[in-house]
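Remarks on the overall topology
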Amino acid sequence: MKSIEASGKTVKEAMKNGLSELGCDASDVDIQVLEMGSPGLFGMFGKPAKVRLTKKDDDEDLGIEMPVITLDGGNGKKPARPERKKQSKPEPAEEPAHQEQPKEEKIPEAKAAVEKKPRQHARKEPKQASASVEEATVAVETKPFEATPEEELTEESKRAREFLMGLTQRMGVPVSVETCQSADQLRFQMSGENMSILIGRRGETLDALQYLTSLMVNRGREDYLRVSLDTENYRAKREDALRKLAVRMAAKAKKTGKRVALEPMNPYERRILHSALQNDPAVTTHSEGEEPYRRVIITLK
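Residues numbered from 1 in each chain as written. Predicted model: local features only at pLDDT ≥ 70, side-chain atom pairs only at ≥ 80, totals over all residues. Heavy atoms only, no water.

**Considerations on the nonpolar core**
For clarity, the threshold we go by: Put simply, a nonpolar core is a bunch of buried Ala, Val, Leu, Ile, Met, Phe, Trp, Tyr and Cys residues held in one set by side-chain atoms that sit within 4.5 Å of each other. In this scheme, a residue with accessible area under 20% of its type's maximum is buried, one over 50% is exposed, and one in between is partly exposed, where area comes from a 1.4 Å probe on protein chains only. Under the scheme used here, helices are H or I runs from DSSP no shorter than 4 residues and strands are E runs no shorter than 2 residues, and both carry numbers assigned from the N terminus.
One finds Phe 188, Met 190, Leu 198, Val 217 and Leu 229 to be the most contacted residues of the largest nonpolar core, which totals 20 residues. At the level of secondary structure, the elements contributing two or more residues to this core comprise α5 (155-170), β6 (185-191), α6 (195-199), α7 (204-218) and β7 (226-231). The dominant element in this core, judged by the number of residues it contributes, is α7, at 4 residues. Counting 17 residues, the second largest nonpolar core, distinct from the first, contains Leu 242, Met 249, Leu 277 and Val 296.

Okay, here's the thing in structure tokens:
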């Protein structure tokens, strides 16, 4: 487990500095306050606050557990504050899961029920070159990544790879990139040092890089070419962690008899949660709220 010490004027600032150095979120680490610090007199002779941050092992749900709140009502428009203390760990449940028909991220068999809504229907239409961030990050590949030999790469694939390498170089995190090319998709695997910087908080930086690369690739194209960007197998790990989280939160809903609201997530991550619980005979799922605060709600049937 990686452990660092960080300091700041306050405990909160020290935690923020440490999380920034690790490139992760508060839920990914164990936090120990070493010194509370003091402001001193008129800002002089003060002592900085110190904390120790220890990154959780990968087997602890891969270090990306989500804070959860239990609601009796609410419109889901405001994000839940993370509970850093006294987070209860519900007992795991092994039952398969069920999904209600969510507004945006319905499984294929519920697709017809959504298409009557113009905005949601637009997301189901063939994607254009100006695809949104959500559309650009919607797919996680389950097929093994097999790099395409250099001599078989198209000029378009090479330009996209050079664009990505130049972008990360300007970010101060140079990488090497392998490309897997197919008729309707380009997949890129980045490798190098400090990859956590390119992943960002819950994959936000990785999604942004993927979106920018997708814009570059699809500029001027009539047909949309999907772009997938990954490093250190992050996307597969993220999906696995979300599925485990869905099962645990379903168990909590069954135990408490109350609905459970997860924190806001993007459409892709919400789809994973709905899919994980779609066959559960005891619970249903749906989404509430407006982007970017839209969240999955788990309720008893």
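Picking up where we left off.
**A few points about the pattern of salt bridges**
This is how it is decided: When a carboxyl oxygen of Asp or Glu is within 4 Å of a side-chain nitrogen of Lys or Arg, the pair counts as a salt bridge.
Scanning the entire structure with this criterion turns up 13 salt bridges. Of the charged contacts in the structure, one is a salt bridge between Glu 204 and Arg 201, with a shortest N-O distance of 3.4 Å. Judged by its relative accessible area of 46%, Glu 204 falls in the partly exposed class. According to the relative accessible area criterion, Arg 201 is partly exposed, its value standing at 39%. Each of Glu 156, Arg 221 and Asp 223 takes part in a single network of salt bridges with overlapping partners.

**Regarding unusual backbone geometry**
Note the cis peptide between Glu 291 and Pro 292, where omega equals 5°. One can find Pro 292 in the loop between β9 (283-288) and β10 (295-300). The phi dihedral of Asn 233 falls on the positive side, at around 55°, and the residue is not glycine. Within the secondary structure layout, Asn 233 lies in the loop between β7 and α8 (234-256). Asn 233 sits in the partly exposed class, given a relative accessible area of 42%.

**Focus: the packing of α5 against α7**
Think of two packed helices as two axes; the pair is described by the angle between the axes and how far apart they sit. Heads up, the rule is: Axis lines are fitted to C-alpha atoms, over the contacting stretch for helices. Their N-to-C directions set the angle, which ranges from 0 to 180 degrees. By convention the crossing between two helices is left-handed if the near helix lies anticlockwise of the far one by an angle smaller than a right angle, and right-handed if it lies clockwise. Whether two residues are in contact is decided by their heavy atoms: any pair within 4.5 Å suffices. Charged residues are taken to be Asp, Glu, Lys and Arg, nonpolar residues to be Ala, Val, Leu, Ile, Met, Phe, Trp, Tyr, Cys and Pro, and polar residues to be all remaining types, Gly included.
Between α5 and α7, whose axes approach to 10 Å, the crossing angle comes to 140°. As α5 packs across α7, the resulting crossing turns out to be right-handed. Facing Glu 156, Arg 159, Ala 160, Phe 163, Leu 164 and Leu 167 of α5, the residues of α7 in contact are Leu 209, Leu 212, Thr 213, Met 216 and Val 217. Of the residues assigned to the contact of α5 with α7, the class counts are 8 nonpolar, 1 polar and 2 charged.

**Description of the packing of α8 against helix α9 (residues 267-276)**
Cut-off, in case you're wondering: For classification purposes, angles smaller than 35 degrees are called roughly parallel, those larger than 145 roughly antiparallel, those between 65 and 115 roughly perpendicular, and all remaining angles oblique.
One can describe the packing of α8 onto α9 by two numbers: an axis separation of 9 Å at closest approach and a directional angle of 50°. Taken together, α8 and α9 sit at an angle that is classed as oblique. The two elements α8 and α9 meet at a crossing, and its hand is right-handed. Here Arg 235, Arg 238, Glu 239, Leu 242, Arg 243 and Ala 246 of α8 come into contact with α9, specifically with Tyr 268, Glu 269, Ile 272, Leu 273, Ser 275 and Ala 276. Residue classes in the contact of α8 with α9 are distributed as 6 nonpolar, 1 polar and 5 charged.

**Re the environment of Met 36**
Structurally, Met 36 can be placed in the loop between β2 (29-35) and β3 (49-55). Classification of Met 36 by relative accessible area gives exposed; the value is 58%. A sequence separation of 27 residues divides Met 36 from Lys 9, and the C-alpha atoms of the two residues are 9.2 Å apart. Beyond its immediate stretch of four places on either side in the chain, Met 36 contacts Val 11 and Ala 49.

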